[in-house]
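Coordinate analysis (summary)
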Amino acid sequence: MEIAETSPSTMQAAPSLDTTPVNENNFDFVRKLPENIAWLNEISANFYWCWRPEGVALFRDLDPELWDKCEQNPRLMLKRISGLRLWQRSADQAYVARVERFYSEFCDYTAAASDLTTPPAIAYFCAEYGVHNSLPNYSGGLGILAGDHLKSASDLNVPLMAIGLLYRYGYFRQQISHEGWQKESYNDIFESELALTPVLDAAGERVMVSVKIRGREVFAQAWRARVGRISLYLLDTNLGRNSEVDRLITGHLYGGDTETRIVQEKVLGMGGVRLLRKLGVDPAVYHLNEGHAAFSTLELSREFLESHPDGTFADAAEAVREKCVFTTHTPVAAGNDVFPTATLSECFSSEFIGSLKLTQNEFLALGRADLSDNSEGFGMSPLAIRMCRSANGVSEKHGEVSRQLWLKMFPDLADAGAVPITSVTNGVHAPTWIAPVFQDLYDSRIGPDWQTIVRDPAGWAAAAERLSDSDIWTAHRTLKSLLIAFIRERTKTKDTGSKDTINEHEDTRQLFSPDILTIGFARRVAAYKRWDLLFTDLERLLRMVDDAERPVQFVFAGKAHPQDNTAKTILQKLMSINHDSNWQRRAVFIEDYDQEIARYLVHGVDVWMNVPRRPMEASGTSGMKAAMNGALNFSVLDGWWIEGFNEINGFAIGGLDADDNDDVMDAADAEALYRTLENEIIPTYYGTGDSGLPAEWIARMRNSIATLTPQFSSDRMVADYLSNIYNLAERSA
Ligand SMILES: *Cc1c(COP(=O)(O)O)cnc(C)c1O
């Protein structure tokens, strides 16, 4: 089938500011721009701009204030920007030349895209994608990892396409009340303001798939986002032809009850496979990134049996396994989706189960880790492990933990070492996460091809030696000042004078100093992340914060899951630390953690702290982002940091051994945390020599940039998936 699209470059009439959702087959949103900068429309339709500093700058420089008001959404900005601004830029020859240059670079880049209708191609499935804030379709680490996977696949020109869901309300937005309690709200999205186009067939009709849910055919339309050379297809049930409740299937990300979760995952897994067929794509590899998409293996089995009427389910499973690979992201059983069998049974008709040539019991057994335990719920990870030829964790340690966790699925194996689960350590997309200031520095000191050099660890390490102490320190100081300005701006609305919570201040201009050692801590608020470890001995902590000569300041950010009251209480405790000390102007909590905030933080802090309870951090990725910007990681040895830490490029909290008793472990880690701060981090940071620069600190920063950037870039990760997991060469026949 031929897939046409609405062309974003056709110049339509200026849109009205009406923000009602677009009607089906009415997708007329393109702003009429002055002709010499009209390429901006096309540039905004592909997320490529968001990982090129010049792409970001082009939109920001159109109208910097509006850019932040529109939360860095170029589509929204082009809709709202005044005619006067547009014509001012149109009359600015230097600006026009920049648009032309970037557009030409963009065209060269996208022209080389792989042809996905020619196998072997990879279909990547994930429940969330964090490509950029302007597509609010992610909650945290998993989504951002998936976004980074697509960006690196694009840069490396891997023949990959991605499938997900379009959440009408996305993930919640966070505010903290005067009582320190988290409040949630949801924004509606308007497709016309997002860089999405409806997928149309040759006749110009929207491409639809349907999945049977609650006895009804539920329809989903497909939207396409372009991530450089990669297409990301998002399914959306918010259609007039669906019933009100079915329209909400793709309503909230991780918001609904168990049944909603199951039906969401049916749309993702089964609907996703059906969409590929409508697109005329028959991938050689299906990559299920986390268990959410594991129902795709059932749809593939059903397809197999439809075309092999004499086959058995075992035959189908064998064929499906050949095509599917699975990545698990959770190190604990509770983190995996496990559905009550009664609810699951209600969501799959006996007709569907019959089409798989399975009995009800055989069907339910597909989701059991222990086949002898009939009381077990239906787990998406056991289903995926059973139906995929390969399963992997996301760090070496997590691979080991996963082999242990799923040993019970392999009763014939003597020990966990033999469980067929490998690992590919996560990475982050360097051009997305390295500050433009550092990218400029690399352009001038290393060369404009630094992005290629960084794929070679030895070459990169040698190149990093060309960065002088003052290069690194000047870039870092600039970014730190930027972070402080951002903190003051963001907390201004909380300038209440009450000082009741740590983000209420008398005068935000008193907040933070660029001369003080700054420690960042931002992540999901969940018990195992141990947000409260830092406060084990408050007096000892405040002695450091208040020190006259060598003080410390802290910046925090993170969301608690709306239904997790334990986490919300942890957050409230942090917010309520109210002390007659410098705490109130040296500690701040930034609300509504997202990618934009993460960028300011990982660019500007001196130290990035992470204290999960071992071995609960499957990998962790924010520390990789910080490391690439020269921040020193200060983390317990878990997940990626076990592989990254070399004693120079950061600091470890505690050792590799874990104690089974949480209290013992917490006390030991708190002691190690304070001791390392007092004896190592603070003295080194403030240890300036004759040059006036902290030479040892800067040497560690250089080492962090040199050693960790290549090892934890998503280019390395995607290359590992290609050579160790996808194995396309064997599948091109
Ligand atoms: C990178 C990132 C995460 C994941 O960080 P972890 O270290 O894995 O917890 C979560 N949220 C945002 C906004 C991020 O940028």
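These figures come from a predicted structure and were not determined experimentally.

Looking at the side chain of Arg614
Along the chain, Arg614 falls in the loop between β19 (607-610) and α26 (622-628). For Arg614, a relative accessible area of 9% puts it in the buried group. At a separation of 2.6 Å, a polar atom in the side chain of Arg614 contacts the main-chain carbonyl oxygen of Asp657. In contact with Arg614, not counting residues within four places along its chain, are Val636, Leu637, Asp638, Gly655, Leu656, Asp657, Ala658, Met665 and Asp669.

A word on the side chain of Gln553
With respect to the secondary-structure elements, Gln553 resides in strand β17 (residues 552-557). Here Gln553 falls in the buried class, since its relative accessible area comes to 0%. For Gln553, the side chain forms a polar contact with the main-chain oxygen of Ser513, separated by 2.7 Å. One polar contact links the side chain of Gln553 to the main-chain carbonyl oxygen of Ile516, over a distance of 3.4 Å.

Brief notes about the sheet that holds β19
Pairing is parallel across the open sheet formed by six strands, whose spatial order is β18-β17-β16-β19-β20-β21. Only two strands of the sheet have a single partner each, and these edge strands are β18 (587-590) and β21 (650-653). Strand after strand, the sheet turns through a mean of 20° between neighbouring axes, direction not considered. Of the strand pairs in this sheet, β17 and β18 are connected by four bridges, and their pairing is parallel. Residue pairing for β18: Phe554 is matched across the bridge by Ala587. Contacting β16 (517-522), β17, β18 and β19, helix α25 (residues 595-604) runs over the sheet at an angle of about 160° to β17.

So, the site of the ligand
The environment of the ligand is formed by 14 residues, the closest being Ile144, Ala598, Thr621, Ser622 and Lys625. Within the contact set of the ligand, an oxygen atom lies 2.5 Å away from a side-chain nitrogen or oxygen of Ser622. Here the ligand, which alone exposes 390 Å², has 93% of that area covered by the protein. Residue assignment for the shell around the ligand shows that the elements contributing at least two residues are α7 (141-155), α25 and α26. Here the shell around the ligand is built from residues that sort into four nonpolar, six polar and four charged.

Looking at the nonpolar core
Among the nonpolar cores identified, the biggest contains 133 residues, and Leu40 and Phe295 are the most heavily contacted of them. With residues near it in sequence (within four places) discarded, Leu40 still touches Leu33, Leu58, Phe59, Leu62, Leu78, Tyr95 and Val99. In this structure, Tyr138, Val428, Phe535 and Val588 belong to the second largest nonpolar core, which totals 99 residues.

About the thresholds
Residues numbered from 1 in each chain as written. Predicted model: local features only at pLDDT ≥ 70, side-chain atom pairs only at ≥ 80, totals over all residues. Heavy atoms only, no water. Helix = DSSP H or I, 4+ residues; strand = E, 2+ residues; numbered from the N terminus. Buried < 20%, exposed > 50% of the residue type's maximum accessible area, 1.4 Å probe, protein only. Polar contact = N/O pair within 3.5 Å; in protein donor to acceptor, adjacent residues only side chain to side chain. Contact = heavy atoms within 4.5 Å. Pairing = 2+ DSSP bridges. Axes fitted to C-alpha atoms, helices over the stretch in contact; angles between N-to-C directions. Near = heavy atom within 4 Å. Areas by Shrake-Rupley, 256 points an atom, 1.4 Å probe, with all protein chains shown as cover. Nonpolar A, V, L, I, M, F, W, Y, C, P; charged D, E, K, R; others polar. Core = buried A, V, L, I, M, F, W, Y, C linked by side-chain atoms within 4.5 Å.

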